[in-house]
Amino acid sequence: MTHWKTKLARAGGAIDPKTGGVVPPLQPSTTFVRDENYELLIAGNSYGRDQNPSVQLAEQLLCDLEGATASLLFSSGMAAISALVSGLKRGDTLILQSGIYWGTTAWVRRFCQEREVRLLEEDAGNMDTFLKVVHDAEPRLVFVETPSNPWILSCDIQAISATCKACGAALAVDSTAASPVLTRPLDHGADFVIHSATKVLNGHSDVLAGVLCAARQEDDLFVRAARERSQTGALLGSFEAWLLIRSLRTLDVRMSRMCENAMELARWLEDQTSVEAVWYPGLASHRGHEIAKRQMHGGFGYLLSFLVKGDKENALAFMSRLEGIHRATSLGSVESLAEHRHTIEGDLTGCPPNLIRLSVGIEAVEDLKAELSKAFGAI
Ligand SMILES: Cc1ncc(COP(=O)(O)O)c(C=O)c1O
């Protein structure tokens, strides 16, 4: 069987059949013709809110990457998450890992309150406690994020999935920070994988997209998500899908370089006198290191957080002195980005005021060290 790396590099072997171009064509049409018998000229191509050939090709590549039977591309990561979670019904129980991407938590809280879905937010720092809560609550859905953003916590997909199976719950894993290059959650027993494809799957800060992959496409929650996407028009645009295919072709090499840079920076940051702690799954000092070693293959990701010594003012002074590395939200791009999450999340989430989240890009690592060193001079 052809390796996924080869499939990605060749965009699944797609060419432009009309011209012989080795790049898949972009088809922006929002509607597709029928023949004289009123049959669709090309089966499946009807109207742009349901499907698009570029979206279909990108979805196939993502199925190959995740080992999924089906995947759905959405106009953002949040659109993918909300399409899945909104399949829950009144009276269902949802267990949401706490300390994950704040946008997910905020939307899920509002949704569950308005739709009378029982929501339990649980810290996954202690796996035994987390598994007991799952076992006792008999949820319809468990939603985790590993490594989590910005706490960089790793949770054990295999252990959670075994408990979910024993109590009839579905397990969804937001694997944005790991990417399918490092972890394939479906192989560890998850039912659904979600990515903000805005992040490393696209990796160039120029596409907003999300994907939901399923182990079984007939799964009720997946069928509902597909219907939700089609009826509400949350499908990814054709140009964005085309750009995403272009980006997926280099995903593997981008990830290698980003992981290499992140590992080196994490070790280096541990030695800096202005740093109180570094959170990165690849560090032996990290509390999720053993889980990450079992679950992540070929690297530990591009996302790390560190605490600067002192308080919020020290962290903001550091941020103000950064040159080169952009002060900007988001992650997973070829250029490194730094963010002061407390400013974004406020006091609500418990995000430490001295935490800096760093999304490590593919730059020369010596430049990244020099830029960080200069900013540490401000503390
Ligand atoms: C882990 C994670 N999941 C989901 C999302 C939401 O994705 P999007 O911004 O594409 O809607 C984000 C955004 O930062 C994220 O970091």
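Notes on the structure follow. (Residues numbered from 1 in each chain as written. Predicted model: local features only at pLDDT ≥ 70, side-chain atom pairs only at ≥ 80, totals over all residues. Heavy atoms only, no water.)

## Topic: the sheet that holds strand E7 (residues 210–214)
Either a parallel or an antiparallel arrangement is found when strands of a sheet pair, and the pairing is made through backbone hydrogen bonds. Convention followed: Two strands make a pair as long as DSSP finds a minimum of two bridges between them. Each helix corresponds to a stretch of at least 4 residues labelled H or I by DSSP, and each strand to a stretch of at least 2 residues labelled E; elements are numbered beginning at the N terminus. Here, axes are lines fitted to C-alpha atoms. For helices the fit covers the stretch in contact, and angles between N-to-C directions go from 0 to 180 degrees. Any two residues whose heavy atoms approach within 4.5 Å at even a single point are treated as in contact.
One open sheet accounts for seven strands, arranged E1-E7-E6-E5-E4-E2-E3; its pairing is mixed. Unpaired on one side and paired on the other, strand E1 (70–74) and strand E3 (118–122) mark the two borders of the sheet. Pairwise comparison of adjacent strand axes, ignoring direction, gives a mean angle of 15° for this sheet. Inspection of the sheet shows strand E2 (residues 93–97) paired to strand E4 (residues 141–145) by three bridges, in the parallel sense. Bridge pairing links Ile95 to Val142 in E4. Running at roughly 35° to E1, helix H8 (residues 220–232) makes contact with E1, E4, strand E5 (170–174), strand E6 (192–196) and E7 of the sheet.

## Quick word on the environment of His135
Tracing the sequence through the fold places His135 in helix H5 (residues 127–137). Placed 34 residues apart in sequence, His135 and Ala169 show a C-alpha to C-alpha distance of 9.3 Å. Setting aside residues up to four positions removed in sequence, His135 forms contacts with Thr163 and Cys167.

## Considering the packing of aromatic side chains
To be explicit about the condition: Under the pairing criterion, centres of Phe, Tyr and Trp rings, with the six-membered ring standing for Trp, must be within 6.5 Å; the plane angle then separates stacked pairs below 30 degrees from edge-to-face pairs above 60, leaving the rest tilted. The rule is short: NZ of Lys or CZ of Arg within 6 Å of the ring centre and within 35 degrees of the ring normal puts a charge over the ring.
In this structure the tally under the stated criterion is seven aromatic pairs. Seen in terms of ring centroids, Trp151 and Trp279 are 5.5 Å apart; in terms of plane orientation they differ by 15°. Their pairing is stacked. Taken together, the residues Trp151 in the loop between E4 and helix H6 (157–166) and Trp279 in strand E8 (residues 275–279) connect sequence positions 128 residues apart. Through successive ring pairs, a cluster of aromatic residues spans Trp268, Phe306, Phe318 and Phe376. Here the basic side chain of Arg229 rests over the ring of Phe74, its NZ or CZ set 5.8 Å away from the ring centre.

## Remarks on H5
Think of an α-helix as 3.6 residues a turn; residues three or four steps apart then line up on the same face. What counts here: The buried label goes to any residue with under 20% of its type's maximum accessible area, the exposed label to any with over 50%, and the partly exposed label to all in between, with areas taken from a 1.4 Å probe on protein chains only. In this context, the arc is that of the directions from the helix axis out to the C-beta atoms. For this analysis, a polar contact is any N or O atom pair within 3.5 Å, provided that within protein one partner can donate a hydrogen and the other can accept it, and provided that sequence-adjacent residues contribute only side-chain to side-chain pairs.
When H5 is considered as a whole, its buried residues turn out to be Met127, Phe130, Leu131, Val133, Val134 and Ala137. Projected down its long axis, H5 shows its buried positions confined to an angular sector of 155°, all on one face. The exposed residues of H5 that point more than 90 degrees off its buried face are Asp128 and Lys132. Turning to H5, the residues buried within the fold contact E2, E3, E4, H6 and helix H11 (289–295). One side-chain oxygen at the N-terminal end of H5 lies 3.0 Å from the backbone nitrogen of Asp128; it belongs to Asn126. Downstream of H5 by a residue or two, Glu138 has a phi angle that is positive, lying close to 45°.

## As for the pairing of E6
A large share of E6 lies buried, amounting to five of its five residues. Side-chain alternation along E6 places Phe192, Ile194 and Ser196 on one buried face and Val193 and His195 on a second face that is also buried. In the sheet, E5 pairs with E6 via three bridges, with the strands oriented parallel. Across the sheet, Ala172 pairs through a bridge with Phe192, a residue of E6. Pairing analysis gives five bridges linking E6 to E7, with the strands arranged antiparallel. Residue pairing for E7: Ser196 is matched across the bridge by Gly210.

## Describing the side chain of His340
Inspection of the secondary structure assignment puts His340 in the loop between strand E11 (337–339) and helix H13 (341–345). Classification of His340 as buried rests on a relative accessible area of 4%. Of note is the side chain of His340, whose polar atom sits 2.5 Å from the side chain of Thr343. Sequence-distant contacts of His340, defined by excluding residues within four places in its chain, comprise Lys312, Ala315, Leu316, Met319, Pro353, Leu355 and Ile356.

## Re the environment of Phe222
Of note, Phe222 is situated in helix H8. The exposure class assigned to Phe222 is buried, which follows from its relative accessible area of 5%. Note: C-alpha distance between Phe222 and Thr163 (59 residues apart in sequence) is 21 Å. With residues up to four places along the chain from it excluded, the contact list for Phe222 reads Ala70, Ser71, Leu72, Phe192, Leu212, Cys213, Ala214, Arg216 and Gln217.

## Considerations on the pattern of salt bridges
The criterion, for reference: By definition, a salt bridge exists where a carboxyl oxygen of Asp or Glu is found within 4 Å of a side-chain nitrogen of Lys or Arg.
A full pass over the atoms with the stated rule returns 18 salt bridges. Salt-bridge contacts for Glu323 lead to Lys374; the nearest nitrogen and oxygen are separated by 3.2 Å. One end of the pair, Glu323, is in the loop between helix H12 (312–320) and strand E10 (326–327); the other, Lys374, is in helix H14 (residues 365–376), with 51 residues separating them in the sequence. Under the relative-accessibility criterion, Glu323 is labelled partly exposed at 48%. Here Glu339 and Arg357 are joined by a salt bridge, their closest N and O atoms 3.1 Å apart. Of this pair, Glu339 sits in strand E11 while Arg357 sits in strand E12 (residues 355–359), and the two are 18 residues apart along the sequence.

## As for the site of the ligand
Inclusion rule: Think of it this way: one heavy atom of a residue within 4 Å of a molecule or strand is enough to make that residue near it. Following the grouping adopted for this structure description, the nonpolar residues are Ala, Val, Leu, Ile, Met, Phe, Trp, Tyr, Cys and Pro, the charged ones are Asp, Glu, Lys and Arg, and the polar ones are all others, Gly among them.
Of all residues adjacent to the ligand, which total 13 residues, the nearest are Gly77, Met78, Asp174, Ser196 and Thr198. Take Gly77: an N or O atom from its main chain is 2.9 Å from an oxygen atom of the ligand. Here an oxygen atom of the ligand sits 2.8 Å away from a polar atom, N or O, in the main chain of Met78. By residue class, the composition of the shell around the ligand is four nonpolar, six polar and three charged.

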